[in-house]
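# Summary of the model geometry
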Amino acid sequence: MPPCGLIICDTMASLQRCPEQGWTLLQLLLVASFSQAEELLCRQRGDPENPQLLKDGDIMMGGIFTFHSNWKNRREDYIDKPSPLECTSLNFRGIQFAQAMRFAVEEINNSTDLLPTISLGYKIYDTCGSIARGVRAALALANGNEVTSAPSNTPCVRPAQVLAIMGEQSSSPCMAIATVIGPFHIPMISHFATCACLSDKTKYPSFLRTIPSDYYQSRALALLVKHFGWTWVGAIKTNDDYGINGMAIFTETAQQLGVCLEYSVSVFRTDPPEKIQKIIDIIKASTSKVIVAFLSHMDMDVLIPVFTHHNITGYQWLGSESWIFDSQTAKLDRHHILDGAIGLSIPKAHVSGMREFILDMKPLNSTNTDFFTEFYESFFSCKFNQSKSSSSGNQRECTGHEDLTGVHNSFTDMSLMPIFYNVYKGVYAVAHALHRVLGCNETCNNKVQPDPFTILQHTRKIHFKTKEGDEVYFNEDGDPAAKYEIINWQPTEHGVVDFVTVGLYDASLPSDKQLNLNNKSLIFAQNSKLVPVSVCSEMCHPGTRKVLHKGKPVCCFDCIRCAEGEINNVTGPVIIHQSSLMAFLRPAPVHPMSWSRRIVEDPTKPLHPTSTGHMRAFQPASLQDSVTCVQCHPEFWSNERRDACVKKEIEFLSYEEIMGALLTAASLFGTFTTAFVALIFFMHRKSPIVRANNSELSFLLLFSLTLCFLCSLSFIGQPSEWSCMLRHTAFGITFVLCISCILGKTMVVLMAFRATLPGSNMMKWFGPTQQRLSVLAFTLIQIVICIIWLTSSPPFPLKNFQELKDKIILECALGSAVGYWAVLGYIGILAILCFILAFLARKLPDNFNEAKFITFSMLIFCAVWITFIPAYVSSPGKFSVAVEIFAILASSFGLLFCIFIPKCYIILLKPEKNTKKNMMGKMIPNSF
């Protein structure tokens, strides 16, 4: 019945032209409309969609396949109703898939174990590769084409015509169809749609598949690229959901693994030649030698002749499962530009009896005569009833008894048996779900009316084994377990490509065991057994680091040498900050559907702790080819090649080296010299010159000088806790004792001069007892200072890493700088006081005035220690210790020679002057 609006418009026009006939027509139409109001017709709007293959049964299943790969373009004038789509280019693969479904249905119907007393039927539609036609077919399967009547108060609602739909083979049509039938909860099981997006149950709640998701295939391809060391690759993808989503996962995974894409181009089989030419130009201008092709087999079939024409050779191809194990694609590659290609394929399968059933396409024995006739005529290039056909031309006549097995083409090629097996498993999954729902044992409960939602729930939970022994089940995303064979295109002697299995990928295994590859059996591009090199920049050698090129991918870089103290390709302990450590840790896993998130696998091995401290030391497996060099542990230093941390040389002033030996010899020489002088004085202790110069203080001074020479030895050798405390305290106390003796001798000289004046009794206040007490008092003050220093913050041994970069300086830290400078300051105060007093007594009228020699000795002493300070501060490492020892020895020798050598000279060489008369003689003092 036409719409009411059209009726009114037509009636009004008739009234204007001929009023009498118009009113009569209007009355007739009103009567007809009221008579039909008692009955409501339920029918599908638009032209009915008829299946290409049909078989009745108790329970119907739907099938949507691509029997034709193209259609004729038509011009729409929007005046007449569009004519039905006219399909062209018979697609033998789609027919093979439909035959696999028919085989599974027939096998189930003949089985007494699965669905006994229940027969399965099917309605199989052809989409011609059109997404719109696929959606129409899905709606036809859901609604049916029959016209039914119902009472006017009953809505046009009835159960779905099919309980499950098998197909489609491409991702984009599946997405459209699954979106439409999803609200009806009709299970849709695809055998070849691999887009990871279809695992999203919020968008496609009723979609299932018997082929793994591209989430795993894309990751496996990225791992293959990383395995062969290719960091600079190109990419070609099909410009549909399959190619775009698959390449997106590959790109993200590759970036996680340090692989860069030089280019990524999209192509579709209907693209104009200009766009194809741009892709050719990009490939020719590129520097990468590896091309990852995430293409459908139809797009690859279009590109192969173009690549051959433009001589695109010498490239290593990595392919997705859609084309890599397609024998027809291999046959198209007549010039072998794809030889050595590597890719993933569905594991090989064999189903007994399926090959014979697929090839049993006799149109005379089939109820689907039209479809089988078209196939038969296309397959044998013949025509039925040639005499009745005016357009048959020179085609021979078909008999209907020709043997298909004698012809070798894409239909008789069974290389896609793994995909046929996927169709087979999908039909059996629905059958097992029906078996549960109907409570089948020896018979099935025919009173139960299953609905698609119940079938969907049970299909998701099925777990069974096929007659070939393979397990069939679906995970929470409706996907099967992800297992792939890695195949390699290897040319044979006859010029035919052989698909050789060279490895396996199993996503269910631990991450480090998922990829198992046999490199020895691989053939690469141009029949080479050597792995091709495809990098933007050569890998940095040990001892260098990457410097990225500005504005270019991270795979393009220069290599510069690591700085001193830093290495690459670690072979010794290194220091890694907490922030840097996170880059080496393995990230947490994510849900497989989260393909837009970060990929979980990181092939870099975790670090293992080797020491502790405020910064932890780690030993990574390798840091070679990294963008940063790693700093060695403070006790280690980089070698000349900057590829290993070696133990730093430990530096301290030792007895074995020349400088230490010379200083030791000087110290011992001073000790023996002082002892020799003491021996001379002791042997001549009763001589006037010894007695006149306060023999008791002289012997005490010689003793203290001996200790000064010996204390310098504590500065030589490896510092320890006791040696550090001993060297500074012994130095401070012995020098104070020495200066105190000299100060006492100086005061004795001054007091003796004052005592010669009339009425002076000053010597009784500074006699021998007072001299001893003064020396003891001055020394006790230094002892107290040292005790306070040692108890509060004593010196301690220290490893100095800052002074020299490539050496460790073992030295004694002062502990408390105040204590150290207090010791030196006290010595300086006594030395200055002694120098002043000696200077005042230099012109006393004695024949042998000792004050002059004390003045010279104090002058040397002060000069040495004043120059010591800047020399000590500026000297590096062990030289600062040598400077301190030199100052001790120089000042000690100065005191020894200036005070005692003149006396020894008189005692040994001028004994005639060693008389009391000579000592008491009055002489005019020399000027000074």
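Owing to the predicted nature of the structure, the values given are computational and were not obtained by experimental measurement. (Residues numbered from 1 in each chain as written. Predicted model: local features only at pLDDT ≥ 70, side-chain atom pairs only at ≥ 80, totals over all residues. Heavy atoms only, no water.)

## Some details on the overall build of the protein chain
Definition in use: Secondary structure is summarised from DSSP: a helix means a run of H or I of at least four residues, a strand means a run of E of at least two, and numbering begins at the N terminus for each. Throughout, exposure labels follow a simple rule: accessible area from a 1.4 Å probe, protein chains only, divided by the maximum for the residue type, with under 20% read as buried, over 50% as exposed, and the rest as partly exposed. Should any heavy atoms of two residues lie within 4.5 Å, those residues are considered in contact. Using a 1.4 Å probe, the Shrake-Rupley method yields the accessible areas, and only the shown protein chains count as cover for residues.
Helix and strand counts for the protein chain come out as 25 helices and 34 strands. Out of the 928 residues belonging to the protein chain, those deemed buried represent 50%. Summarising the internal contacts of the protein chain: among those between residues at least 6 apart in sequence, 71% fall at separations of at least 24. Summed over its atoms, the accessible surface of the protein chain is roughly 45,300 Å², and 59% of this surface lies on carbon and sulfur atoms.

## Describing the state of the cysteines
Note the following rule: The disulfide criterion is simple: two cysteine sulfur atoms within 2.5 Å.
By the definition in use, this model includes 10 disulfides. The disulfide partner of Cys540 is Cys559, and the gap between their sulfur atoms is 2.0 Å. The sign of the -90 degrees torsion about the S-S bond sets the Cys540-Cys559 disulfide as left-handed. Here Cys559 lies in strand S24 (residues 557-561) and Cys540 lies in the loop between strand S22 (515-517) and strand S23 (544-548), a separation of 19 residues in the sequence. In this model Cys724 forms its disulfide with Cys812; the gap between the sulfur atoms is 1.9 Å.

## Quick word on the side chain of Asp413
How we decide: Charge counting treats Lys and Arg as positive and Asp and Glu as negative, with His and both chain ends excluded. By convention in these notes, a salt bridge is any Lys or Arg side-chain nitrogen within 4 Å of a carboxyl oxygen on Asp or Glu. Polar contact is the term for a pair of N or O atoms within 3.5 Å; when the atoms are in protein, one must be able to donate a hydrogen and the other to accept it, and sequence-neighboring residues count only if both atoms are side-chain atoms.
Among the structural elements, Asp413 can be located in the loop between strand S17 (396-397) and helix H14 (417-437). For the buried Asp413, no salt bridge is present, and the opposite-charge side chain at shortest range is Lys331, 5.1 Å distant. Here Ser415 takes part through its side chain, which lies 3.0 Å from a polar atom of the side chain of Asp413. Filtering out sequence-adjacent residues up to four positions away, Asp413 remains in contact with Gln96, Ser327 and Gln328.

## So, the nonpolar core
How we decide: Throughout this description, the term nonpolar core refers to a set of buried Ala, Val, Leu, Ile, Met, Phe, Trp, Tyr and Cys residues connected via side-chain atoms within 4.5 Å.
By size, the foremost hydrophobic cluster in this structure holds 135 residues, and its most contacted members are Leu115, Ile236, Trp317, Trp323 and Phe411. Apart from residues no more than four positions distant in its own chain, Leu115 is found in contact with Ile108, Leu120, Ala431, Leu434, His435, Leu438, Cys440 and Cys444.

## A short note on the environment of Glu471
With respect to the helices, strands and loops of the structure, Glu471 is situated in strand S19 (residues 471-473). For the pair Glu471 and Lys425, spaced 46 residues apart in sequence, the C-alpha separation works out to 9.6 Å. Apart from residues no more than four positions distant in its own chain, Glu471 is found in contact with His463, Phe464 and Lys465. Among the polar contacts listed, one links the side chain of Glu471 to the side chain of His463, at a separation of 3.0 Å.

## Quick look at the packing of aromatic side chains
Formally: Ring pairs are drawn from Phe, Tyr and Trp, using the six-membered ring of Trp, whenever the two centres fall within 6.5 Å, and their geometry is named by plane angle: stacked under 30 degrees, edge-to-face over 60, tilted for the rest.
Per the counting criterion, the structure on display carries 33 aromatic pairs. With a centroid separation of 5.5 Å and 40 degrees between ring planes, the pair formed by Phe893 and Phe897 is classed as tilted. Of this pair, Phe893 and Phe897 are both found in helix H24 (residues 878-909), 4 residues apart, which corresponds to roughly one turn of the helix. Judged by its relative accessible area of 15%, Phe893 is buried. Among the residues examined, Phe897 registers a relative accessible area of 37% and is labelled partly exposed.

## So, the side chain of His297
With respect to the secondary-structure elements, His297 resides in helix H9 (residues 297-309). A polar contact is formed between the side chain of His297 and the side chain of Arg93, at a distance of 3.0 Å. Excluding residues within four positions of it along the chain, His297 makes contact with Arg93, Gln169, Ser322, Trp323, Asp326 and Thr329.

## So, the pattern of salt bridges
Applying the stated rule across the entire model yields 15 salt bridges. With a shortest N-O distance of 3.6 Å, Lys807 and Glu651 are connected by a salt bridge. In this pair, Lys807 sits in strand S34 (residues 807-813) while Glu651 sits in strand S32 (residues 649-651), placing the two residues 156 residues apart along the sequence. Assessed through its relative accessible area of 22%, Lys807 is described here as partly exposed. Assessed through its relative accessible area of 8%, Glu651 is described here as buried. The network of salt bridges with shared partners includes Glu635, Lys647 and Lys799.

## Some points on the pairing of S34
Note the cut-off: Whether two strands pair comes down to DSSP finding at least two bridges between them.
Burial within S34 is extensive, with 5 of its 7 residues counted as buried. Across 3 bridges, the pairing between S32 and S34 is parallel. Across the sheet, residue Ile650 finds its bridge partner in S34, namely Ile808. Pairing analysis gives 5 bridges linking strand S33 (residues 796-800) to S34, with the strands arranged antiparallel. Residue pairing in the sheet places Asn800 in a bridge with Ile809 of S34. The antiparallel pairing of S33 with S34 creates a hairpin that spans 6 residues between the two strands.

## Quick notes on the packing of helix H3 (residues 92-109) against H14
Defined as follows: Axis definition: a line fitted to C-alpha atoms, over the contacting stretch in the case of helices. Angles run 0 to 180 degrees between N-to-C directions. Orientation is classified from the angle alone, with under 35 degrees giving roughly parallel, over 145 giving roughly antiparallel, 65 to 115 giving roughly perpendicular, and any other angle giving oblique. Here is the rule for handedness: rotate from the far helix to the near one, and if that takes an anticlockwise turn smaller than a right angle the crossing is left-handed, while a clockwise turn gives right-handed. Side-chain classes are defined by residue name, with Ala, Val, Leu, Ile, Met, Phe, Trp, Tyr, Cys and Pro counting as nonpolar, Asp, Glu, Lys and Arg as charged, and the others, Gly among them, as polar.
One way to put it is that H3 packs onto H14 with a least axis distance of 8 Å and a crossing angle of 40 degrees. The orientation of H3 relative to H14 falls into the category oblique. In this structure, H3 crosses over H14, and the sense of that crossing is right-handed. Contacts between H3 and H14 involve Gln96, Phe97, Ala100, Met101, Phe103, Ala104, Val105, Glu107 and Ile108 from the former and Ile419, Phe420, Val423, Tyr424, Val427, Tyr428 and Ala431 from the latter. Here the residues of the contact of H3 with H14 sort into 14 nonpolar, 1 polar and 1 charged.

## So, the packing of helix H17 (residues 658-683) against helix H19 (residues 695-711)
Where H17 meets H19, the axes come as close as 8 Å, and the angle between the chain directions of the two elements is 165 degrees. Comparing the axis directions of H17 and H19 gives the class roughly antiparallel. Crossing handedness for the pair H17 and H19: left-handed. Judged by residue contacts, Ser667, Gly670, Thr671, Thr674, Val677, Ala678, Phe681 and Phe682 of H17 engage Ser698, Phe699, Leu702, Leu705, Thr706, Phe709 and Leu710 from H19.

## Thoughts on a nonpolar patch on the surface
So the rule is basically this: Any residue with relative accessible area above 30% and no salt bridge may belong to a patch, with like charges joined within 9 Å and the nonpolar Val, Leu, Ile, Met, Phe, Trp and Tyr side chains within 5 Å.
Taken together, the side chains of Phe676, Leu679, Phe682, Met683, Tyr905, Leu908 and Leu909 define a hydrophobic patch exposed on the protein surface, amounting to about 750 Å² of accessible area. Of all the secondary-structure elements, those providing two or more residues to the nonpolar patch are H17 and H24. Tallying contributions element by element places H17 first for the nonpolar patch, with 4 residues. Mapped onto the elements of the fold, Phe682 is located in helix H17.

## Some remarks on the environment of Ala137
With respect to the element layout, Ala137 can be found in helix H4 (residues 131-143). In the structure, Ala137 is positioned 14 residues away from Lys123 in sequence and 9.9 Å away in space, judged by C-alpha atoms. Every residue in contact with Ala137, bar those within four places of it in the chain, is listed here: Ile64 and Tyr125.

## Focus: the confidence of the model for the protein chain
What counts here: Each residue carries a pLDDT value, the predictor's own confidence for that position, ranging from 0 to 100.
Averaged over the protein chain, the pLDDT score is 81; the fraction of residues at 70 or greater is 81%. Confidence over residues 1-20 falls short of pLDDT 50; this stretch has 11 contacts with residues more than four positions distant or in other chains. Here residues 922-928 scores under 50 on pLDDT; set against residues more than four positions off or in separate chains, the count is 13 contacts.

## A short note on helix H21 (residues 768-792)
To keep things clear, this is the line we draw: The length a helix should cover is 1.5 Å for every residue beyond the first.
Its 25 residues give H21 an end-to-end C-alpha distance of 36 Å, which sits within 8% of 36 Å, the value for a rise of 1.5 Å per residue. Within the span of H21, buried status applies to Gln771, Ser774, Val775, Thr779, Gln782, Cys786 and Trp789.

## What to know about the sheet that holds S32
Spatially, 3 strands are ordered S32-S34-S33 in an open sheet, and the strand pairing comes out mixed. Every other strand in the sheet has two partners, leaving S32 and S33 as the edge strands with one partner each. Strand-to-strand twist across the sheet, computed as the mean angle between neighbouring axes with direction ignored, equals 25 degrees.

## A word on the sheet that holds strand S2 (residues 53-55)
Here 6 strands make up an open sheet; going across it, the order is S2-S6-S3-S8-S9-S10 and the pairing mixed. In this open sheet, the two edge strands, each paired with only one partner strand, are S2 and strand S10 (207-209). Adjacent strand axes in the sheet meet at a mean angle of 20 degrees when their direction is disregarded. One ladder, built from 7 bridges, connects strand S3 (residues 59-65) with strand S6 (residues 120-126); its direction is parallel.

## Some thoughts on unusual backbone geometry
If a residue is not glycine, its phi is most likely negative; likewise, a peptide bond is most likely trans. That bond from Gly167 to Glu168 is cis: its omega, -15 degrees, falls within 30 degrees of zero. Residue placement: Glu168 occurs in the loop between strand S8 (165-167) and helix H5 (171-181). At Asn311, a residue that is not glycine, the phi angle is positive and equals roughly 60 degrees. Mapped onto the elements, Asn311 comes out in the loop between H9 and strand S14 (316-319). Assessed through its relative accessible area of 55%, Asn311 is described here as exposed.

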